Amino acid sequence: MTGTTLAFSPLVGTSALIGLAVLLTGVIAYAALRRLPGWPWRLLAGVTVLAVLTNPSLVREEREPLSDIALLVTDDSVSMQISGRRQAGEATAQALRAAAEADPLLDLVEITGGRAEDGTRLVETITEGLADIPRGRLAGIVAVSDGQVHDLPEDPGALSLTAPLHHFAAGSAEAGDRRLVIEEAPRYGLVGDPVSFTLRVEDPAAAEGSAEVTLRVDGGDPITARVAIGRTVNVEAEVRHRGANVVEIEVEPGREELSLLNNRAAVSVTGVRDRLRVLLVTGEPHNGARAWRDLLKSDPSVDLVHFTILRPLDKQDATPPDELALIAFPVFELFQQRLEEFDLVIFDRYRRRGILSPIYIGNIARYVENGGALLVTTGPPFAGPASLARSQLASVLPARPNGQIAEERFTPQVSETGARHPVTAPMAGREASWGPWFRRIGAIPISGETVLESPDGEPLLILSRQEQGRTAILMSDQAWLWERGFEGGGPHDELFRRVAHWLMGEPELDEERLSASVSAGELIATRSTLADSAPPLEIVWPSGAEQSAEMTETGPGRFEARLGVEETGLIRLRSGELTTVVSAGPLNPREYEDLTVDTDGLAPLVDASGGGVFEVGAGESVDLPQLRRTRPGSLQHGEDWAGLQRNGAYEVAEARRTPLTPGLLAVLVLLALIGLAWRREGR
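Residues numbered from 1 in each chain as written. Predicted model: local features only at pLDDT ≥ 70, side-chain atom pairs only at ≥ 80, totals over all residues. Heavy atoms only, no water.

Chemist: What exactly am I supposed to notice about the environment of V109 here?
Modeler: Its location among the elements puts V109 in strand β4 (residues 106-113). Along the backbone, V109 and E248 are 139 residues apart, and their C-alpha atoms lie at a distance of 43 Å. Discounting residues that sit within four places of it in the chain, V109 has contacts with I69, A70, L71, L72 and I133. (Helix = DSSP H or I, 4+ residues; strand = E, 2+ residues; numbered from the N terminus. Contact = heavy atoms within 4.5 Å.)

Chemist: Explain the nonpolar core here, please?
Modeler: The nonpolar side chains of soluble globular proteins are, as a tendency, buried together. Counting residues in hydrophobic clusters, the biggest one holds 35 residues, and the most contacted among them are L344 and V499. Beyond its immediate chain neighbours, meaning those up to four positions away, L344 contacts R277, V278, L279, Y367, A373, L374, L375, A500, L503 and M504. Membership of the second largest hydrophobic core comes to 33 residues, among which are I309, A383, V396 and A399. (Core = buried A, V, L, I, M, F, W, Y, C linked by side-chain atoms within 4.5 Å. Buried < 20%, exposed > 50% of the residue type's maximum accessible area, 1.4 Å probe, protein only.)

Chemist: Teacher, can you tell me more about the pattern of salt bridges here?
Modeler: When their charged atoms lie close together, side chains carrying opposite charge are able to pair. Tallied over the entire structure, the rule returns 32 salt bridges. Here E494 ties to R430 by a salt bridge, and the two come within 3.1 Å at their closest N and O atoms. Here E494, found in helix α9 (residues 492-503), pairs with R430, found in the loop between β22 (413-414) and β23 (440-445); they are 64 residues apart in sequence, far enough to count as distant. Close ionic contact of E511 with R465 constitutes a salt bridge, the shortest N to O distance being 3.0 Å. With E511 in the loop between α9 and β27 (513-519) and R465 in strand β25 (residues 459-466), this residue pair connects regions lying 46 residues apart in the sequence. Assessed through its relative accessible area of 6%, E511 is described here as buried. For R465, a relative accessible area of 42% translates into the label partly exposed. The network of salt bridges with common partners includes R179, E183, R200 and E202. (Salt bridge = Lys/Arg side-chain N within 4 Å of Asp/Glu carboxyl O.)

Chemist: Help me out: how do you make sense of the sheet that holds strand β13 (residues 223-228) in this one?
Modeler: Sheet strands line up and pair through hydrogen bonds in the backbone, either parallel or antiparallel. Spatially, five strands are ordered β10-β16-β15-β12-β13 in an open sheet, and the strand pairing comes out mixed. Strands with a single pairing partner mark the edges of an open sheet, and in this sheet they are β10 (188-190) and β13. Strand-to-strand twist across the sheet, computed as the mean angle between neighbouring axes with direction ignored, equals 35°. As paired elements, strand β12 (residues 210-217) and β13 share six bridges and run antiparallel to each other. Looking at the pairing, S210 lines up with A228 of β13. (Pairing = 2+ DSSP bridges. Axes fitted to C-alpha atoms, helices over the stretch in contact; angles between N-to-C directions.)

Chemist: Can you help me understand helix α5 (residues 287-297) in this one?
Modeler: Spacing of three or four residues puts side chains on the same side of an α-helix, whose turn is 3.6 residues. Turning to α5, its buried residues are G288, A289, A291, W292, L295 and L296. With its buried residues spanning 165° around the axis, α5 presents them on a single face. Every exposed residue of α5 that faces more than 90 degrees away from the buried side is listed here: R290 and K297. Against the buried residues of α5 lie β17 (276-282), β18 (302-308), β19 (344-348), β20 (373-377), α8 (480-484) and α9. (Arc of directions from axis to C-beta.)

Chemist: In this structure, what is going on with the pairing of β17? I would like to understand it.
Modeler: Buried residues dominate β17, accounting for six of its seven residues. Here β17 runs beside β18; their pairing, made up of seven bridges, is parallel. Within β18, the position partnered with V278 by the bridge is L304. Following the backbone out of β17, through α5 and into the adjacent parallel β18, one traces a crossover that is right-handed. Taken together, the five bridges between β17 and β19 define a ladder with parallel strand orientation. The partner of T282 across the bridge, within β19, is D348. (Right-handed = clockwise from strand over helix to strand, strands pointing away.)

Chemist: Mind showing me how you'd approach empty space enclosed by the protein here?
Modeler: Leftover empty space is mapped by rolling, across the atoms, a probe with the size of a water molecule. Per the stated rule, a full pass over the model turns up three cavities of 30 Å³ or more. In this structure, the largest cavity spans a volume of roughly 140 Å³. Lining the largest cavity are 15 residues, with L296, V302, F496, R497 and A500 positioned closest to its centre. Where the lining of the largest cavity is concerned, the elements lending two or more residues are β17, α5, β19 and α9. Take the lining of the largest cavity: its biggest share by element is four residues, from α9. Along the lines of polarity and charge, the residues of the lining of the largest cavity split into twelve nonpolar, one polar and two charged. Lining the second largest cavity we find 13 residues, and of these G288, W292, D348, A479 and W480 sit closest to its centre. No other element matches the three residues that α5 contributes to the lining of the second largest cavity. Among the residues making up the lining of the second largest cavity, the classes are represented as five nonpolar, six polar and two charged. (1 Å grid on protein atoms, 1.4 Å probe; cavity = no way out; pocket = protein on both sides within 12 Å on 5 of 7 lines; lining within 4 Å. Points joined across faces, edges and corners; volume = space filled by probe spheres on them. Nonpolar A, V, L, I, M, F, W, Y, C, P; charged D, E, K, R; others polar.)

Now the structure itself:
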């Protein structure tokens, strides 16, 4: 292909040329006004000078045409994987490839993307595809998507498109779909109290009626309720423990469904405890009493009620009864009326001496059976006739005394079970640095797990579940030696904080627990157990696919399974009777909010570029518009056709330049014109 153009290579700067032209105009205008006879010839001479200074030339080029480039952007987000939309994208790509092969001046660049944790970022993908395409060769952009796009720029002209962007909407725009919308959800809640969620069920195919909604907390037992479709309703779920409580909410399938992905949602509610209320009953003054009081008072989240018996009723002296105390201790209020308000009750070296009547002791036993927490630290009285083991409290105690008291030096040891139990497992192997104790109360374990023992295997610390509650018993009154640092001390505060938290149901310290996390595309499931093996891990992925995996022991009582994660959403896990849930990516991916086809999803960019929107349908049999090559600036789409610009870009293979004002010829012409002007004026 050959082309000829007129080119200029000025011999002086542009400002000089402009100045000469202005001067020439002024001189000629003056001469014309004065009617000087040679002014036309002077005008021609001046024009000749300007022409010589602009140095014009004819450039003859041998041009090689460059093909135009069409950009095909295919949405690969989760919503494109349903209802035949992915197949529609593949069929569209094949049709565009065929069109590009049939047109020698059209190339096709394909790019796939848009999937992101915060929705479909298709505009970002389009920008990446345009980065390597010269704008002068861009024929057009074809975006194959369902229109659910979440990164549209505020300014539609921000992409500075020089060619049309056509939206090929994959999927059926008429298809119905039921979805669950969480309007409001709390981020925090008090443990043991219900929290309220505001939700709405939308279903264009069933504008009236009701649907069943199911709630689960951490994958536990379902709670069902029926709600009206299209109306905002409130539902409640109980915050069961401190930390993250994952509440799943799911609505039953509707008459028409594109996918069940948006029929469920999950909310993470962080459980926080109100100030913990602890009742400490010290049976008699002793060295360990201050250690307990200091430990509990050092925690700002603990409200402590400390009841210390300084003078037993059977002590005979002349003190009048009304002078034994400044105020009457509210025994009835604490142990009858308000006992259920306490999170933990501690009996420290308590002996039965008639201060707490059997009715109150029975109340404490029922308090434990109904979900309360009890810690008993024993002393010599526990082995005698005044022992709590000889009261109604015996029904919830995990050990009974054997009548023996060993007073000898020994160092507590973490038992084999304790090395597996989350309460004491972190302390296993550190016994060599612990200081000694000097008294142990003999006992026979009758329930629970012994986590601390003497070197000869006698129980020291026993943890037990009793009905709905929990109890712990320490068979020594020497733990305070650790708090004082005697001969190196020991993990006094660490141990008893963990014991107290276990008693109050802290899930991280449960002996049988299943937990999971997702990091760097990997699912890590951890099973804590007192058994020697763990049941297989059963997994339900967000798509509904199921998988089973064996769990490998990584430490005493700790088993793990690791798997790669390729899906986004809530993963349900089960190992034996334990269940849990974990989120891969956001709990409620923005992509799942609406799975219908949105033909207006790219409308601002389509309108700004002069492109069109075409519904191509779903599956392999798509209804594609005809592709036409168009001129820049002309109409770029019609009812059944989409335009791709023919830009006419080329590159120059060879160029020949022919000057139009050769020097000698220009001088001769200039002299001739000056001579004619002089001759005309000399007459």
